[in-house]
Amino acid sequence: MKVLVTVKEVGVADDDFEIEGTDIAASDLEYDLNEWDDYAVEAGVQLAEAGIADEVVAVTIGPERAEETIRMALAKGADRAVRVWDDAFEGSFADVASKVDVFEAIVDEEEPDLVLSGVQAADTAFGATGVALAERIGFDHAAVVNDLDLDAEAGVANVHRELEGGIEELTEVDLPAVLTVQTGLNEPRYASLRGIRQAQRKEIAATDLADLGLSPADVESALTLTEMYEPESESDAELIEGDAGEAAGRLAEVLREKGVDA
Amino acid sequence: MSDVLVVSEHRRGELRDVSLELLTAGRELADALGGDLHVAVVAGDVERFADDLNRPGVDRIHAVANGEEFDHTVYAAAVDALVETIDPTAVLAPNSVNGLDYAPAVAERLDLPLVTDVLGFEYDDDGLTVTREMYGSKVETSVAVEGDRFCLTMRGGEFAPAEGVGDAEVESVDVETPESGARVKGFEEVGGGDVDIADADVLVSVGRGIGEEENLELVEDLADALGATLSSSRPIVDNGWLPKNRQVGQSGKVVTPDVYIAVGISGAVQHVAGMKGSDTIVAINTDPNAPIFDIADYGIVGDLFDVVPELVAEFE
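Residues numbered from 1 in each chain as written. Chains lettered and ligands numbered in written order. Predicted model: local features only at pLDDT ≥ 70, side-chain atom pairs only at ≥ 80, totals over all residues.

**A few points about the interface of chain A and chain B**
Then, in step 1: Counting from both sides, the interface comprises 72 residues of chain A and, opposite them, 72 residues of chain B.
Then, in step 2: Counting only elements with at least two residues in the side of chain A that touches chain B, the list comes to helix H3 (96-110), helix H4 (129-137), strand S9 (140-151), strand S10 (156-162), strand S11 (167-174), strand S14 (223-229), strand S15 (238-239) and helix H6 (244-257) of chain A.
Then, in step 3: In terms of residue count, H6(A) provides more of the side of chain A that touches chain B than any other element does, nine residues in total.
Then, in step 4: Residues that form the side of chain A that touches chain B fall into these classes: 38 nonpolar, 15 polar and 19 charged. (Contact = placed C-beta atoms within 7 Å. Helix = DSSP H or I, 4+ residues; strand = E, 2+ residues; numbered from the N terminus. Nonpolar A, V, L, I, M, F, W, Y, C, P; charged D, E, K, R; others polar.)

**Quick notes on the UniProt feature "domain: Electron transfer flavoprotein alpha/beta-subunit N-terminal" (unreviewed entry) in chain B**
Then, in step 1: Taken from the UniProt record, the annotation "domain: Electron transfer flavoprotein alpha/beta-subunit N-terminal" (unreviewed entry) applies to residues 4-184 of chain B.
Then, in step 2: Strand forms 34% of residues 4-184 of chain B and helix 29%; the C-alpha atoms that close the span are 30 Å apart. (UniProt positions renumbered as here; feature names shortened; annotations may be inferred.)

**What about the UniProt feature "domain: Electron transfer flavoprotein alpha/beta-subunit N-terminal" (unreviewed entry) in chain A?**
Then, in step 1: In the numbering used here, UniProt assigns the feature "domain: Electron transfer flavoprotein alpha/beta-subunit N-terminal" (unreviewed entry) to residues 21-216 of chain A.
Then, in step 2: Taken end to end, residues 21-216 of chain A comprises 29% helix and 31% strand; its first and last C-alpha atoms sit 24 Å apart.

**Quick word on the sheet that holds strand S8 (residues 114-118) of chain A**
Then, in step 1: Spatially, the ten strands line up as an open sheet ordered S13(A)-S7(A)-S6(A)-S1(A)-S8(A)-S12(A)-S9(A)-S10(A)-S11(A)-S13(B), and their pairing is mixed. Only two strands of the sheet have a single partner each, and these edge strands are strand S13 (204-207) of chain A together with strand S13 (182-189) of chain B. Between one strand axis and the next, the sheet turns by 30° as a mean value, whatever way the strands run.
Then, in step 2: Relative to S8(A), strand S1 (residues 2-7) of chain A runs parallel, the two being bridged by four bridges. Within S8(A), the position partnered with A:Thr6 by the bridge is A:Ser117.
Then, in step 3: Helix-sheet contacts for helix H2 (residues 67-75) of chain A involve S1, strand S6 (55-61), strand S7 (80-84) and S13 of chain A, and the interaxial angle to S7(A) is about 155°. (Pairing = 2+ DSSP bridges. Axes fitted to C-alpha atoms, helices over the stretch in contact; angles between N-to-C directions.)

**Comments concerning the pairing of strand S9 (residues 127-134) of chain B**
Residues and elements named next belong to chain B.
Then, in step 1: Across five bridges, strand S8 (residues 120-124) lies against S9 in antiparallel orientation. Looking across to S9, one finds that Gly120 is bridged to Thr131.
Then, in step 2: In the sheet, S9 pairs with strand S10 (residues 139-145) via seven bridges, with the strands oriented antiparallel. Within the sheet, the bridge partner assigned to Leu128 lies in S10 and is Val145.
Then, in step 3: What sits between the antiparallel neighbours S9 and S10 is a turn of four residues, in which Tyr135 has the positive phi angle 50°.

**A closer look at the environment of B:Glu133**
Then, in step 1: Structurally, B:Glu133 is set in strand S9.
Then, in step 2: The spatial distance from the C-alpha of B:Glu133 to the C-alpha of B:Val282 is 25 Å, given a sequence separation of 149 residues.

Written as structure tokens, this is what we have:
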């Protein structure tokens, strides 16, 4: 079976950051593999190690800079990667449908049996691409999966979906399927030195829209980011000042007033 | 056209709070659009749910009595069919785990622009603009939505729940649902075990700021010194450092202790959803901009590795 893992390089904002126009200044962002996708990659690699998956392919929509991140997925065990980019994405706020356009074309080419996506991207947090993709390509799906037991022979994935409030839904999903992976599904490995060396030799195929038979009009977004700002702090917290000892002393007084005492 | 269709949510026989919040949001949007507010209730005891959803401002309730519990195939088919007959401008679903299991599929199928995790919206002559967060709640954004129709999933807790008794018409709708390729086999409650953090009067709660598993000793000492129970935010449980029954937040436990001490927790919205009802909230965090300070009553901007040992000493 072939597993396709969608991954994204995300910007993580520093504690102190400036907003330039409608984005955080690039100098105040650190780029990293999206946390949820890290778990999705690990799930794919574990299926390969269990002899269930023959190949794990990572796909990303991202500029050349993203190669460093996608190489991390390769270092952790993905076999090869496809990176899609086009001038049409430059400066655009991609909506779910335009991402699905791209992934649909990749699915047509790769013909995976299982697609693993992170539940959401840490930066834009749409949380919708995997399920929308499933609808487009005619796969079934399960969103927010935190337990996965794949029965390749029966052609089903037995999953737990993590609902709110400590309830998990036990669901059987027919393959081929798209699963959106929640953090905690597994323990993502660190890339080993050997893995990092091997990743240098693995293929990252760079692809643009024309290669996929798409035009810029296909991926035109219905959404425009018009404003970005820091939310007004609603804090009315009493900030306790002083060095650690003083602050702890004052806090101890407060806690005792509230009835805390062992 | 110009109507709004709200899709309600229930689980294991209970209407979820977000359903009543969606009525308020849906009514606001319907007023801006100059249309009616329709509400869909799908699966389970639809008559009872329809009664509960019948609040002032609701024009029509559509009950689709297929199945008992949530099934994304049924929900998608029901919404699809209702959109066909109502032809609404907007479809509003909860931005919940189940909402995100069908709303993106519906938007895709009906070719509706989709915006998820929406905090608020404005509709005027220029069209729809929504407010949502990015970068882990560090910034808010305005997003203009192009198109005559759209689908939004709304974050819980942002709109007041609709109150009162309305006089909406309730009609039952027959929807044929295709066989589902995803079958719900049951539910499991996690977070049983030795301790119920929801019972604790005082919680010391630890987050990502603790850095390493071996540093947990520090907060265990604090919990001991205060006679408190130890809980945590999600990353600590994801890392396997504490069992799932210690997790506070949307997917963990909702707690309302007398005192909640957040140590190295930034206060992501999913965490806050699980502890904002605490009587007194204390936060210790190095980042003065951390959202946890927005809901804290007392805050120390400082390094937990300096402050916590001093606090332990105060109580020993």
